[in-house]
Number of protein chains: 2
Amino acid sequence: MKPVKIGLLGLGTVGRGTAQILQRNAAELERRCGRQIVIHSAAVRNASKVAAEELGIKSTSDGAALVSDPEIDIVCEMMGGDQPALEWVLSAIEHGKHVITANKALIAVHGNEIFEAARKAGVVVAFEPAVAGGIPVIKAIREGLAANQIQWVAGIINGTGNFILSEMASKGREFADVLQEAQELGYAEADPTFDVEGIDAAHKLTIMASIAFGIPLQFNRVFTEGISKISREDVSYAEELGYRIKHLGIAKKTDKGIELRVHPTLIPHQRLIANVNGVMNAVLVRGDAVGPTMYYGPGAGSEPTGSSVVADIVDVVRVLDADPVNQVPHLAFQADVLSDVPILEPADFESAYYLRVHAEDKPGVMASITSIFGQLGISIEAIVQKESSPGEGVSAQADANTVVPVILLTRLVREGLIQEAIAEIEKLDSVTQSVAMLRVETLN
Amino acid sequence: MKPVKIGLLGLGTVGRGTAQILQRNAAELERRCGRQIVIHSAAVRNASKVAAEELGIKSTSDGAALVSDPEIDIVCEMMGGDQPALEWVLSAIEHGKHVITANKALIAVHGNEIFEAARKAGVVVAFEPAVAGGIPVIKAIREGLAANQIQWVAGIINGTGNFILSEMASKGREFADVLQEAQELGYAEADPTFDVEGIDAAHKLTIMASIAFGIPLQFNRVFTEGISKISREDVSYAEELGYRIKHLGIAKKTDKGIELRVHPTLIPHQRLIANVNGVMNAVLVRGDAVGPTMYYGPGAGSEPTGSSVVADIVDVVRVLDADPVNQVPHLAFQADVLSDVPILEPADFESAYYLRVHAEDKPGVMASITSIFGQLGISIEAIVQKESSPGEGVSAQADANTVVPVILLTRLVREGLIQEAIAEIEKLDSVTQSVAMLRVETLN
């Protein structure tokens, strides 16, 4: 059979990893596919010309020409960013090429348009590398768990954030301090907003939610809260209560609709996913038939992400000549039956909650706080009054000017009610600063 | 499109789970496949007639008739055992049916013959449910990691064994005691040999090794050691040294060949897989491009295993009308290029080792033991002399009749050399009983 010819858009971190794998493992890949896979050429910016030369790959600066080259069967988009990635991907599709993309923002924001174009052209657009780097989690959810009604997905899907939280938990360090180290190590960008504020995770969550529930991509409906305001204090209180704080992307189907949320989350420390540390990623998926399953591995990096690009290439090679009707649907479900299950507003989320209230250490304060919960019908799981400065011991006499942190854990409750409770608590004279709130998930 | 018709062989634990999923999630499955999947009938033993009636499934006792029924497209074999499973699977293939089997022994022992017949007939034989229950690990290795040269696979692939070892580690219990509880809970069979001696794990390892390395199935070449001789003492010493004991199936490719081995293994306790407890399974796979990835979930059970049967059905539905040349090869690599890499003998395994030597507590004993290692060129990582009875304190005076355990951890070494060392140590007058040996893997 004729070799399959690959065109690469971009030879940055992921592009280089992909090219290295295609070259080093060429014989292994031919043993798998029954035909050769060869790199035709790469469209690169000036900065990557040297990389192309070192790899012995023909390069061009004209991406538009590459995606219309009749010799190329499959285009791999590994540039990132919005334009010209979108334009070139759509053009590749129009020219009948199958496309693989590592660009999570592109799929999360423009995926519906891209897949519509792909269906019309009868080509595949694959995106395993866009979520959780080298972990084949898209394939697991879309195919491996195809028997299931997926109930929820919860993932550590940003390595930078997980590195920061792991360091805070294991070494008692402050957020800003670890962030600076992460930047020095190259784990975090100079502008870390995308990672630490959860935007990158929201892109990936959008994609996983679509293939889990068979819904259109709806990035703008993801509730996103970052980790920059997590304090060392909260990390330490959480540990004392038996929880670890992880930045999770959660997509959950309930009777009322679908929750899409990225936020710091307390998880029982004995859960396997609570022990995923450093820059590693992990995605926990619960199906109605299988129960909980988890997928773990490197969520970024040159060859790990390249591994997913090349796996997608192998998949596409097998359907190059297949009737599109037999292709695995892009979003796991047939396009004409994507569901219109509503995405819920944050007030309708259901979760348990961790609250840290700073209150004056005087009689009646606890009673006034707990009565607010009572009136709203919120059940409290645990309540702990901490010393004013952990480790300094308790003074025998309560001092009216001493402010102490009170930690509350609630049972499952609608978030709207918690917001009401917080508003009421903050009105109390004895409460001296805003209430810190974190969500708690048992993930079982 | 016409509905796809499924014939079930067996309505025991897995058969029932499969049928329940096909019925409950019928609408979801149709949304995925674009066509209906319906159960045509089931071949059952008398004991399962009631189950068939309860599920509203037409039943027969004539499996031979079912596998040749022209109305049936896909046969799911969920009977277990050797015969008539083998005969009926081969007959289904001859009659042009695609086959899905949950029968690990059948694939591990007769797989080469079965896949050869399937290739001739142009049908798929899928076996995701045969390994690690509901975890889609066959798909992950065969497709998700297709970019990689797999370096090794290490898995907790027997839930019974993992339950026993988890209880021994967390509660300091003895093997026999936990085994009895496992039998009462229904986790272990009346005759537990298959599980605790590693035969079940060896079946699964055989299958994973084939798809990882592209080699024929070679069950009879797997080195197998059970967990029945693990003592509470070793579990506790291992914990003190920072290790946890897990019963692992390990397939490793080295320069000399392939190691296939099932045995109790010391793993650093901070590894994620060391924290997989109870009846859960997990498989760690290392690829040259991706690095380490792990797949975790329920390794047995009615609907978890049924989840894998039905996922395979969905895969097969997509290639029902496809040219067989485009099918994913049964063993991940094209059949005509399966590799003849040799399977290594145990003496050629390379590992680190934990040894427990019982020696009289008198001067010169340690020197005579360590000099044996020195002469053989074996590097020692750690050596610890324990008290004679842990917890009873050390007597001030060494007593020539007191026997103390000495624990040694070696660096990486060929197993043949360790066996020599053990033989030499056991010849020492001061060594009072046979040396206990366990393998140590860092899995990084």
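As shown above, the structure is provided for reference.
Residues numbered from 1 in each chain as written. Chains lettered and ligands numbered in written order. Predicted model: local features only at pLDDT ≥ 70, side-chain atom pairs only at ≥ 80, totals over all residues.

Caption draft 1: Region of the structure containing the sheet that holds strand 6 (residues 125-126) of chain B. Residue and element names in this part refer to chain B. With parallel pairing, six strands are arranged side by side in an open sheet as 3-2-1-4-5-6. Two strands close off the open sheet at either side, each with one partner strand: strand 3 (59-60) and strand 6. Note that strand 2 (residues 37-43) and strand 3 share two bridges and pair parallel. Paired with alanine 43 across the bridge in strand 3 is threonine 60. (Pairing = 2+ DSSP bridges. Helix = DSSP H or I, 4+ residues; strand = E, 2+ residues; numbered from the N terminus.)

Caption draft 2: Structural detail: the sheet that holds strand 1 (residues 4-9) of chain A. All names here are of chain A. Here six strands make up an open sheet; going across it, the order is 3-2-1-4-5-6 and the pairing parallel. With partners counted over all chains shown, the strands left at the sheet margins are strand 3 (59-60) and strand 6 (125-126), one partner each. As paired elements, strand 1 and strand 2 (residues 37-43) share six bridges and run parallel to each other. Its bridge partner lying in strand 2, leucine 8 is registered against alanine 42.

Caption draft 3: Quick peek at unusual backbone geometry. Residue and element names in this part refer to chain A. For the peptide bond that leads from glutamine 83 to proline 84, omega is 5 degrees, which places it in the cis range. By secondary structure assignment, the location of proline 84 is in the loop between strand 4 (74-77) and helix 5 (85-94). We note that leucine 443 has phi near 55 degrees; this positive angle belongs to a residue other than glycine. With respect to the helices and strands, the residue leucine 443 is situated in the segment after strand 17 (436-440). Judged by local crowding, leucine 443 falls into the partly exposed class, with 19 C-beta atoms found within 10 Å. (Buried ≥ 20, exposed ≤ 12 C-beta atoms within 10 Å, placed from the backbone.)

Caption draft 4: Structural context of helix 7 (residues 137-144) of chain B. Within helix 7 of chain B, eight of the eight residues are buried, which leaves it mostly tucked inside the rest of the structure. Taken together, the buried positions of helix 7 of chain B are occupied by B:Val137, B:Ile138, B:Lys139, B:Ala140, B:Ile141, B:Arg142, B:Glu143 and B:Gly144. Contacts made by the buried residues of helix 7 of chain B are with helix 7 (137-144) and helix 13 (302-318) of chain A together with strand 7 (150-156), helix 11 (199-213), strand 11 (280-287) and strand 12 (291-298) of chain B. (Contact = placed C-beta atoms within 7 Å.)

Caption draft 5: The arrangement of the packing of helix 8 (residues 159-171) of chain A against helix 9 (residues 175-185) of chain A in detail. Residue and element names in this part refer to chain A. Close contact between helix 8 and helix 9 brings their axes to 9 Å; oriented N to C, the two are set at 130 degrees. In terms of axis orientation, helix 8 runs oblique to helix 9. Between helix 8 and helix 9 the crossing geometry is right-handed. Of the residues in helix 9, those in contact with Thr160, Phe163, Ile164, Glu167 and Met168 of helix 8 are Phe175, Val178, Leu179 and Ala182. (Axes fitted to C-alpha atoms, helices over the stretch in contact; angles between N-to-C directions. Parallel < 35°, antiparallel > 145°, perpendicular 65-115°, else oblique. Left-handed = near helix turned anticlockwise from the far one by under 90°.)

Caption draft 6: Main features of the relation of the copies chain B and chain A. The operation relating chain B to chain A is a screw motion whose rotation component is 180 degrees, with 0.0 Å of axial translation and a residual RMSD of 0.0 Å. Viewed as a symmetry operation, the transformation between the two copies matches a two-fold axis. Taking the C-alpha atom as reference, chain B places B:Tyr295 closest to the rotation axis, 2.5 Å from it. (Least-squares fit on C-alpha atoms with pLDDT ≥ 70 in both.)

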